[in-house]
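Here is what each chain is made of, one letter per residue.
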Number of protein chains: 2
Amino acid sequence: LDKKLKSATALACANIALIKYWGKRDPILNLPAVGSISLTLDALQTKTRVIYNPELNQDLLTINNSEATDAQTKRVQKFLDIVRAKYGFREYATVISDNNFPTGAGLASSASAFAALSMAATCAAGQKMTKKDLSLLSRRGSGSAARSIYGGIVEMQTGEDPKGEKDYAIQLATPDYWGLRVLILITSAEEKKIGSTEAMNLSAETSPYYQQWVISAKSDLHEMKQAIQDKDFEKLGELSEFSALKMHALPLTSRPSVIYWNSGTLDLIEEVRILRQQGIPAYFTMDAGPQVKVITLSEYAGSLMNHFSHKKGIKRCIESKLGADVYLTGDDS
Amino acid sequence: LDKKLKSATALACANIALIKYWGKRDPILNLPAVGSISLTLDALQTKTRVIYNPELNQDLLTINNSEATDAQTKRVQKFLDIVRAKYGFREYATVISDNNFPTGAGLASSASAFAALSMAATCAAGQKMTKKDLSLLSRRGSGSAARSIYGGIVEMQTGEDPKGEKDYAIQLATPDYWGLRVLILITSAEEKKIGSTEAMNLSAETSPYYQQWVISAKSDLHEMKQAIQDKDFEKLGELSEFSALKMHALPLTSRPSVIYWNSGTLDLIEEVRILRQQGIPAYFTMDAGPQVKVITLSEYAGSLMNHFSHKKGIKRCIESKLGADVYLTGDDS
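Computed from a predicted structure; not experimentally measured.

Asker: Break down the pattern of salt bridges for me, with residues and values.
Answerer: Inspection of every chain in the model, using the stated rule, returns 30 salt bridges over all chains. Aspartate 42 of chain A is paired through a salt bridge with lysine 321 of chain A; the nearest N and O atoms lie 3.6 Å apart. Of this pair, aspartate 42 of chain A sits in strand E4 (residues 36-53) while lysine 321 of chain A is found in the loop between strand E13 (316-320) and strand E14 (327-328), placing the two residues 279 residues apart along the sequence. Under the relative-accessibility criterion, aspartate 42 of chain A is labelled partly exposed at 26%. A relative accessible area of 43% places lysine 321 of chain A in the partly exposed class. In this structure, the salt-bridge partner of aspartate 167 of chain B is arginine 25 of chain B, at a minimum N-O distance of 2.8 Å.

Asker: I'd love a proper account of the nonpolar core, names of residues and values included.
Answerer: With 78 residues, the main nonpolar core has Trp22, Trp261 and Phe308 of chain A together with Trp22, Trp261 and Phe308 of chain B as its most contacted residues. For phenylalanine 308 of chain A, the contacting residues outside a window of four places in its chain are Leu183, Leu185, Leu268, Glu271, Val272, Leu275, Val294, Ile314 and Cys317 of chain A.

Asker: Can you lay out the confidence of the model for chain A for me, pointing to particular residues and giving the numbers?
Answerer: With 96% of its residues at a pLDDT of at least 70, chain A reaches an overall mean of 94. Model confidence for the complex is summarised by a pTM of 0.93, with the ipTM given as 0.90.

Asker: Break down the relation of the copies chain B and chain A for me, citing the residues and quoting the values.
Answerer: Aligned on chain A, chain B shows an RMSD of 0.0 Å; the corresponding rotation is 180 degrees and the shift along the axis is 0.0 Å. Classification of the inter-copy transformation places it as that of a two-fold axis. Ranked by how close their C-alpha atoms come to the rotation axis, the residues of chain B are headed by serine 263 of chain B, at 2.0 Å. Mapped onto chain A, 100% of the interface residues of chain B again fall at the interface, so both copies present the same surface.

Asker: Just give me the short version of the pairing of strand E1 (residues 6-19) of chain B, but keep the residues and values in it.
Answerer: Residues and elements named next belong to chain B. The buried count for E1 comes to 12 of 14 residues, which makes it a mostly enclosed element. Pairing analysis gives 13 bridges linking E1 to strand E4 (residues 36-53), with the strands arranged antiparallel. Residue cysteine 13 lies in a different strand from E4, and its bridge partner there is glutamine 45. Here E1 runs beside strand E14 (residues 327-328); their pairing, made up of 2 bridges, is antiparallel. Each bridged residue has a counterpart across the sheet, and for leucine 11 the counterpart in E14 is tyrosine 327.

Basis of the calculations
Residues numbered from 1 in each chain as written. Chains lettered and ligands numbered in written order. Predicted model: local features only at pLDDT ≥ 70, side-chain atom pairs only at ≥ 80, totals over all residues. Heavy atoms only, no water. Salt bridge = Lys/Arg side-chain N within 4 Å of Asp/Glu carboxyl O. Helix = DSSP H or I, 4+ residues; strand = E, 2+ residues; numbered from the N terminus. Buried < 20%, exposed > 50% of the residue type's maximum accessible area, 1.4 Å probe, protein only. Core = buried A, V, L, I, M, F, W, Y, C linked by side-chain atoms within 4.5 Å. Contact = heavy atoms within 4.5 Å. pLDDT = per-residue confidence, 0-100. Least-squares fit on C-alpha atoms with pLDDT ≥ 70 in both. Pairing = 2+ DSSP bridges.

Here it is in structure tokens:
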């Protein structure tokens with residue numbers, strides 16, 4: 001009984017940014033160049049168990065019942081090194097992580113993964129963290145993970161502090177504030193060709209539009225917060241599309257250029273516009289991958305799911321309402 | 001015999017910009033915000049006959065044996081008003097224009113049309129124009145028409161002169177300087193949804209990236225001239241893709257956004273990249289429409305034509321070598 005291992009299991013949701021995050025002002029501390037606003041997605045969850053074991057001589061990672069890749073394992077080891085250094089302990093861990101959605105296909109699995117890992121890794125180490133602390137910590141693993149600490153509608157703040165003490169997320173609205181729905185339309189299950197960190201760095205170094213992206217982000221954040229406060233869905237949607245296209249223009253104009261879209265992506269963008277002309281409130285957004293996410297209101301979600309699930313070129317169609325804060329599942333108690 | 005009408009017929013080629021033109025610094029004089037560099041395309045020609053007739057009370061326009069639209073007719077009338085005012089005569093004209101390629105499908109028919117019209121309209125009026133004069137004049141009809149006055153590789157210059165006296169094209173290289181070929185891959189024969197002048201103005205007013213586009217154009221022009229001088233095909237191709245993507249990022253990030261691509265466009269971009277990985281020198285460019293133009297070298301053109309003509313989604317495939325200067329056909333002598 002003395003040998004009981006310290007462990008904890010946490011569950012976090014992925015999120016989709018409406019006002020996009022692209023670019024880092026500090027790659028080591030992982031400080032974003034711009035703030036962002038996201039919806040936490042109930043349908044895309046990661047559950048992560050961390051078990052510290054004094055007999056291990058390195059961290060081990062399992063994702064969806066398979067051994068993780070070297071790159072994935074290294075990224076988690078680096079993150080756990082930060083946790084160990086911060087709280088002064090030495091045990092390595094077994095990390096068991098399960099997604100209910102495909103990894104690496106532009107569905108931001110790193111956001112839910114590092115949000116869940118932050119809570120599980122600190123709780124298993126006996127630390128009691130505030131949400132703010134968890135957001136600051138998870139940011140070190142993945143910029144968008146800082147937002148997945150909270151449910152509902154979330155803002156990732158960014159400041160000028162070189163240590164990033166203001167670079168954490170806050171909740172703008174709870175999940176039940178507004179009946180928003182997100183349809184995740186999967187056009188390709190392939191892994192993305194170039195990871196977002198690498199593409200962000202390439203954009204910052206080579207895109208002629210990068211500085212203007214950073215400068216113009218502030219007014220987008222301001223306008224979006226107003227739209228949320230007013231529950232102005234048309235404005236929220238229009239700003240979401242604008243921010244997504246502005247963001248995608250950066251890898252597109254990098255040297256070499258990075259095009260995350262495929263032909264299915266463009267067909268769906270066109271389709272969403274046609275639906276809108278027919279009076280259906282639907283707006284698109286895309287992250288660093290070919291998938292299209294359609295933002296709509298709860299009363300239209302069912303018929304839109306039906307519409308898209310019959311479209312050719314769509315491999316899978318997932319409907320999500322807004323998800324909750326990261327939490328301990330209690331599986332270890 | 002005294003009643004012989006004054007007429008002239010001229011032939012001009014379309015062109016494809018490698019360093020793109022997008023945005024106007026003066027909409028009335030049609031002065032471009034940026035310089036551009038293009039290839040004159042032998043395969044895409046417009047032949048235009050102008051017949052002044054004292055008995056007409058307005059200009060009449062026929063395109064490809066059909067009555068032109070009101071918008072097309074008005075544009076030509078406005079242009080002929082400039083010619084009449086400049087040379088002090090009053091006769092209206094019958095204008096008969098024929099393209100050997102589909103109008104309005106992103107194939108820059110206005111470039112060859114206004115280049116041919118400039119020469120035919122001034123010659124029929126008894127004016128002897130230099131190429132520089134023709135370039136300055138045709139610019140008033142269409143910005144890209146100023147380049148179609150010359151064959152081979154052409155630069156549209158731009159200055160800071162408010163009257164635009166330096167805004168005319170010059171020839172950088174003759175058609176036989178370098179064995180460049182352009183394959184025009186038509187993915188859709190539809191008319192474009194929004195004309196380039198309107199989209200340019202929208203970009204200038206609403207895209208956060210427009211100023212940077214204007215600022216960064218100078219170094220692209222400089223680099224491209226160096227690539228042409230060195231006959232460095234890889235550099236020419238890489239710069240062409242960069243300039244095209246930079247240009248398309250402007251309508252993309254306008255409010256409302258304008259997306260000229262369709263799913264076929266993205267498939268072909270991807271296809272060109274795959275061919276390049278296989279060692280085939282091929283680069284893409286696109287104008288304000290969904291068509292993809294592939295730039296290659298003469299020795300690869302035949303096998304690439306064969307490759308693309310068997311691709312699904314391509315409605316038509318045209319191979320072009322570099323075309324000649326605008327000229328009088330002599331049909332009226």
